[in-house]
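# Remarks on the overall topology
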Amino acid sequence: MKRQTNVWATLAFTALFTQMACTPTNLSKENVIPKPVSVVTTGESFDLTDQTDIYVQGESAGLLQIGQYLADKLNPSTGLAIGVKTTSEIPASGNIYLALSENDAELGDEGYELTITDKLVKVTANKPAGLFYGIQTIRQLLPSKVELATEQKGPWKIATGTIRDYPVYGYRGSMLDVARHFFGVEDVKNYIDQLATYKMNVLHLHLSDDQGWRIEIKSWPNLTAHGGKTEVGGGEGGFYTQDQYADIVKYAQDRFITIVPEIDMPGHTNAALASYPELNENGKATELYTGTEVGFSTLATKKEITYKFIDDVVRELAALTPGEYIHIGGDESHATKIEDYIPFINRVQDIVIANGKKVFGWDEIALSTLKPNTVVQYWAKAENAIKGVEQGAKVLMSPAVNAYLDMQYDSTSTYGLHWAAYIEVDKAYNWDPASLVPEIKKENIIGIEAPLWSETVSTRLEAEYLIFPRLLGYAEIGWTPAELRNWDDYKTRLASHGERMKAMNISFFPSKVVPWDTKDKK
Ligand code: ACM
């Protein structure tokens with residue numbers, strides 16, 4: 001008898017536990033990254049069923065597209081055939097509703113409010129970007145298996161309550177170096193989707209360097225015909241045609257991501273110098289370069305043809321760029337005398353502005369006279385970034401010792417370099433852009449960017465080893481207020497994203513400082 005009681009008790013307990021595990025009811029316990037600004041839980045759950053559709057307010061093509069993005073994420077795994085419809089009123093019970101509400105000042109341009117009852121999942125935002133970020137949160141409130149590409153068994157429940165959420169910084173980005181090793185259109189699109197998942201909104205493409213020129217310039221065709229032919233290690237390299245590049249830009253725009261294109265100059269220019277002899281001081285083309293040294297190349301800063309070249313490149317690039325910035329590089333120009341570097345950067349800023357864009361540059365450009373609206377990207381020297389602030393410039397925070405995705409995790413890392421630091425996942429997370437350098441205050445900072453230089457990685461998998469999981473931490477630094485962030489809380493949320501990243505086919509580095517959850521608890 002006793003024995004039987006135990007069996008029944010065990011069964012009852014198991015059933016209860018299974019029920020609890022399958023029915024999330026505590027919204028504030030959900031492991032959302034970046035951590036939302038505020039979460040209020042109401043203790044019930046909403047059920048996605050084969051009756052669920054996504055309704056968008058009004059007849060807006062933009063909102064339909066956002067609704068479709070969510071349906072496309074949910075349908076393969078849930079098999080629920082969730083449709084997307086327009087409506088002029090609040091939809092019936094069991095549905096998801098996306099609506100604009102233009103009077104919620106606290107939410108700004110990118111914030112959203114997500115209200116979940118047992119009857120309705122509703123996202124409101126001032127702008128479409130906010131709705132897009134609201135649906136990224138919805139994805140993370142569902143079990144990890146929602147990210148798989150094949151049909152899975154439900155149930156598909158979401159805890160009820162209200163999330164109000166908006167970012168600390170308007171610029172939350174990553175950089176991909178497609179010059180040292182070339183990454184094709186599909187790899188770049190894949191990265192854009194990954195960035196969007198974590199509410200990042202900029203992809204900076206490092207399009208030229210000593211080892212390769214990666215964007216077609218119609219008025220200087222040899223840049224890609226010759227200068228795009230190789231990469232670090234001597235591989236075949238590659239480049240984007242203007243049509244392919246425009247396709248990337250559009251793909252990014254549809255995901256509320258701005259592409260910031262970089263043409264690095266006057267150093268880091270061997271690929272151009274090898275393609276056009278007239279850009280060299282001595283009028284002789286250099287050889288293509290497949291090594292990893294830096295600081296040996298320079299455009300001929302005293303020749304007029306150099307400025308004609310830059311004007312042509314910037315004009316063609318500006319025409320392909322809906323975003324407001326063109327990045328002119330300016331880093332590590334060790335082969336350019338400082339008395340030549342300063343007037344060069346001054347003149348190139350004028351060229352960018354004359355072509356209707358604002359200037360971005362690595363922190364060395366603050367040695368010149370910065371034009372209004374120029375942004376300084378702090379990577380190496382705080383004193384340079386401070387010079388920028390003193391000139392009224394805004395700063396983008398990419399300190400190599402904290403934020404370079406190509407730095408190794410530790411001395412055993414398979415890929416990456418360590419000239420700046422080893423950056424374990426905790427170190428990548430544990431810093432605050434607004435208190436890192438006392439002279440650079442929050443109001444001077446436009447945001448954070450985590451660059452991936454590609455000397456040591458040439459495939460999507462290799463890149464992902466360095467990018468993930470650190471990118472999630474950078475996303476949170478850019479989005480979540482510093483006072484809501486701490487490593488002990490973050491590491492358990494990150495741990496639960498192991499299964500989610502696996503489901504998204506992300507090959508992340510399984511860092512030992514993260515207590516990875518091996519199973520999806522829902
Ligand atoms: C840089 O890492 N040379 C900007």
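Cut-offs and rules
Residues numbered from 1 in each chain as written. Predicted model: local features only at pLDDT ≥ 70, side-chain atom pairs only at ≥ 80, totals over all residues. Heavy atoms only, no water. Helix = DSSP H or I, 4+ residues; strand = E, 2+ residues; numbered from the N terminus. Expected span 1.5 Å × (residues − 1). Buried < 20%, exposed > 50% of the residue type's maximum accessible area, 1.4 Å probe, protein only. 1 Å grid on protein atoms, 1.4 Å probe; cavity = no way out; pocket = protein on both sides within 12 Å on 5 of 7 lines; lining within 4 Å. Points joined across faces, edges and corners; volume = space filled by probe spheres on them. Contact = heavy atoms within 4.5 Å. Pairing = 2+ DSSP bridges. Axes fitted to C-alpha atoms, helices over the stretch in contact; angles between N-to-C directions. Right-handed = clockwise from strand over helix to strand, strands pointing away. Parallel < 35°, antiparallel > 145°, perpendicular 65-115°, else oblique. Left-handed = near helix turned anticlockwise from the far one by under 90°. Nonpolar A, V, L, I, M, F, W, Y, C, P; charged D, E, K, R; others polar. Phe/Tyr/Trp six-rings, centres within 6.5 Å; stacked < 30°, edge-to-face > 60°.

### A short note on unusual backbone geometry
Cis peptide bonds are those with omega within 30 degrees of zero, and the linkage from M265 to P266 qualifies with 5 degrees. Along the polypeptide, P266 turns up in the loop between β12 (258-265) and α7 (270-275). A cis amide bond links F468 to the next residue, P469, at an omega of 10 degrees. Looking at the secondary structure, you find P469 in the loop between α13 (460-467) and α14 (470-479).

### Section: helix α8 (residues 304-319)
One turn of an α-helix holds 3.6 residues; hence residues three or four places apart share an orientation. Compared with the 22 Å implied by 1.5 Å per residue over 16 residues, the 23 Å span of α8 between its first and last C-alpha is a close match. Listed in full, the buried residues belonging to α8 are T306, Y307, F309, I310, D312, V313, V314, E316, L317 and A318.

### What about empty space enclosed by the protein?
By the definition in use, this model includes one cavity of 30 Å³ or more. Considering only enclosed or pocket space, the largest cavity measures out at about 90 Å³ in volume. Of all the secondary-structure elements, those providing two or more residues to the lining of the largest cavity are α4 (185-197) and α13.

### Some thoughts on the side chain of N75
Residue placement: N75 occurs in helix α2 (residues 61-78). N75 has contacts with L80, A81 and I82, leaving out every residue within four places of it along the chain.

### Remarks on the sheet that holds strand β17 (residues 445-452)
Around the barrel, which closes on itself, the eight strands sit in the order β8-β9-β12-β13-β14-β15-β16-β17 with parallel pairing between neighbours. For this sheet the average axis-to-axis angle between neighbouring strands, irrespective of direction, equals 30 degrees. Running at roughly 175 degrees to β17, α14 makes contact with β8 (171-177) and β17 of the sheet.

### Examining the environment of A252
Within the secondary structure layout, A252 lies in helix α6 (residues 242-253). Placed 63 residues apart in sequence, A252 and K189 show a C-alpha to C-alpha distance of 7.6 Å. Excluding anything up to four places from it in sequence, A252 contacts I192, I257 and I259.

### Section: the pairing of strand β13 (residues 325-329)
Most of β13 sits inside the fold, with five of its five residues counted as buried. Burial along β13 is two-sided: Y325, H327 and G329 and I326 and I328, pointing in opposite directions, are all buried. Of the strand pairs in this sheet, β12 and β13 are connected by two bridges, and their pairing is parallel. When the bridges of β13 are listed, M265 appears paired with G329. Pairing of β13 with strand β14 (residues 358-362) involves three bridges; the strand directions are parallel. In the strand pairing of β14, I326 is matched with V359. Chirality of the crossover, the property in question, places the unit of β13, helix α9 (residues 338-354) and β14 among those that are right-handed.

### Quick look at the sheet that holds strand β2 (residues 54-57)
Strand order in the open sheet made by the seven strands is β1-β7-β5-β6-β4-β2-β3, with mixed pairing throughout. Among the strands making up the open sheet, the edge pair consists of β1 (38-48) and β3 (84-87). On average, each strand axis in the sheet is inclined to that of its neighbour by 25 degrees, with strand direction left out of account. Sheet contacts for helix α3 (residues 128-141): β4 (95-100), β5 (112-116), β6 (120-125) and β7 (156-165); angle to β5, the most-contacted strand, approximately 40 degrees.

### Remarks on the side chain of R493
Take R493: it is sitting in helix α15 (residues 487-503). By relative accessible area, which is 3% here, R493 ends up buried. Ignoring anything within four residues of it in the chain, the contact list for R493 reads N31, V32, I33, K35, Y429 and E476.

### A short note on the packing of α2 against α3
Put simply, α2 and α3 touch, their axes get as near as 10 Å, and they point 15 degrees apart. Comparing their axes, α3 and α2 come out roughly parallel. Once α2 is placed against α3, the crossing between them reads as right-handed. Together, L63, I66, Y69, L70 and K73 of α2 and P128, L131, F132, I135, Q136, I138 and R139 of α3 make up the contact between the two elements. Taken together, the residues that form the contact of α2 with α3 break down as nine nonpolar, one polar and two charged.

### Things to note about the packing of aromatic side chains
Taken as a whole and judged by the stated rule, the model has 26 aromatic pairs. Summarising the aromatic geometry, the rings of F132 and Y133 are spaced 5.9 Å apart at their centres and angled 65 degrees between planes, so their arrangement reads as edge-to-face. Accessibility assignment for this pair places F132 and Y133 in one class, buried. Between F508 and W516 the ring centres are 4.8 Å apart and the planes differ by 45 degrees, which places this aromatic pair in the tilted class. Comparing F508 with W516, the two get one shared label, buried.

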